[in-house]
Amino acid sequence: MTDSYTSSTPPRTATGWTGWVSFGGIMLVLLGLFHAVEGLVAVFDEDYFAVPSSGLVVEVSYDVWGWVHFGLGVTAVVIGCGVLAGNRIAQYLGAILAGASAIIHLAFVPAYPVWSLIIITLDVFVIYALVAHGREMRLTD
């Protein structure tokens, strides 16, 4: 006989997939740091990149690109910390931010091709981790 106060559903337990979510959060923090450094380089040393700003997909100055990257980087660090804390809204925002990062780096490929492709690949892994396994990070609903 069951007590009227006990739940008939078993408690949720952590699965091995929570490691993917932790990976996604850590990668968001690292991607944020990469974006911030890349942004500062674009602001302070325009000659570092492979093409002039006129050769980019979106023709704007490297100062604009730098501040966009820096802002995206700071935002990614904050959201990555939220993902590691198990915040569900941060998981949704992290997936959206990783998608935005991939699109921005797709437009930035002419300036820094290999690095942009590495960041796009990491963004895809972050999106997978947060979308496919994000709900498993929190044990309580």
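Residues numbered from 1 in each chain as written. Predicted model: local features only at pLDDT ≥ 70, side-chain atom pairs only at ≥ 80, totals over all residues. Heavy atoms only, no water.

A grouping of I26, L30, L33 and L84 is seen on the molecular surface, where their side chains present a nonpolar patch of about 310 Å² in accessible area. Per-element tally for the nonpolar patch: the top contributor is helix α1 (residues 18-44), with 3 residues. Tracing the chain through its elements places L84 in helix α2 (residues 62-84). Overall, L84 belongs to the partly exposed group, its relative accessible area being 36%. (Patch = residues over 30% accessible without salt bridge, like charges linked within 9 Å, V, L, I, M, F, W, Y side chains within 5 Å. Areas by Shrake-Rupley, 256 points an atom, 1.4 Å probe, with all protein chains shown as cover. Salt bridge = Lys/Arg side-chain N within 4 Å of Asp/Glu carboxyl O. Helix = DSSP H or I, 4+ residues; strand = E, 2+ residues; numbered from the N terminus. Buried < 20%, exposed > 50% of the residue type's maximum accessible area, 1.4 Å probe, protein only.)

This part takes up the packing of α2 against helix α3 (residues 88-107). Running from amino to carboxyl end, α2 crosses α3 at an angle of 155°, the nearest separation of the two axes being 9 Å. Judged on the interaxial angle alone, α3 and α2 are roughly antiparallel. The interaxial crossing formed by α2 with α3 has left-handed handedness. Here α2 contributes W65, V68, H69, L72, T75, A76, I79, G82 and V83 to the contact with α3, which in turn contributes A90, Q91, L93, G94, L97, S101, I104, H105 and A107. A class-by-class count of the residues in the contact of α2 with α3 yields 11 nonpolar, 7 polar and no charged. (Axes fitted to C-alpha atoms, helices over the stretch in contact; angles between N-to-C directions. Parallel < 35°, antiparallel > 145°, perpendicular 65-115°, else oblique. Left-handed = near helix turned anticlockwise from the far one by under 90°. Contact = heavy atoms within 4.5 Å. Nonpolar A, V, L, I, M, F, W, Y, C, P; charged D, E, K, R; others polar.)

Summarising the element assignment, D123 is placed in helix α4 (residues 113-133). Sequence spacing of D123 and A95 is 28 residues, and the spatial spacing of their C-alpha atoms is 8.5 Å. In this view, D123 contacts L31, A98, S101 and A102; residues no more than four positions away in its chain are not counted. Side-chain polar atoms of D123 contact the side chain of S101, separated by 2.8 Å. (Polar contact = N/O pair within 3.5 Å; in protein donor to acceptor, adjacent residues only side chain to side chain.)

One pass over the full model with this rule turns up 8 aromatic pairs. Considering the side-chain rings of W20 and F23, the 5.6 Å spacing of their centres and the 85° angle between planes classify their relative orientation as edge-to-face. One end of the pair is W20 and the other is F23, both in helix α1 and 3 residues apart, which spans about a single turn. Ring centres 6.4 Å apart and planes at 90° place the aromatic pair Y62 and F108 in the edge-to-face group. Note that Y62 is positioned in helix α2 and F108 in the loop between α3 and α4, a separation of 46 residues in sequence. Site record: aromatic cluster; members linked through ring pairs are W20, F23, F125 and Y128. (Phe/Tyr/Trp six-rings, centres within 6.5 Å; stacked < 30°, edge-to-face > 60°.)

What follows is about the UniProt feature "transmembrane region" (unreviewed entry) in the chain. UniProt's feature table lists "transmembrane region" (unreviewed entry) at residues 20-44, 64-85, 92-108 and 114-131, given in the numbering used throughout. With 95% helix and 0% strand, residues 64-85 has end C-alpha atoms that lie 32 Å from one another. Secondary structure within residues 92-108 divides into 94% helix and 0% strand; the distance between the first and last C-alpha atoms comes to 24 Å. (UniProt positions renumbered as here; feature names shortened; annotations may be inferred.)

Turning our eyes to something else, we now look at the nonpolar core. L28, Y62, V83, F108, V126 and L130 are the most contacted members of the largest nonpolar core, which has 25 residues in total. Of all the elements in the fold, those that place two or more residues in this core are α1, α2, α3 and α4. Those residues in contact with V126 that sit more than four places away from it in its chain are G24, M27, L28, L31 and A98. (Core = buried A, V, L, I, M, F, W, Y, C linked by side-chain atoms within 4.5 Å.)

Looking now at the environment of V37. Within the secondary structure layout, V37 lies in helix α1. The exposure class of V37 is exposed, given its relative accessible area of 52%.

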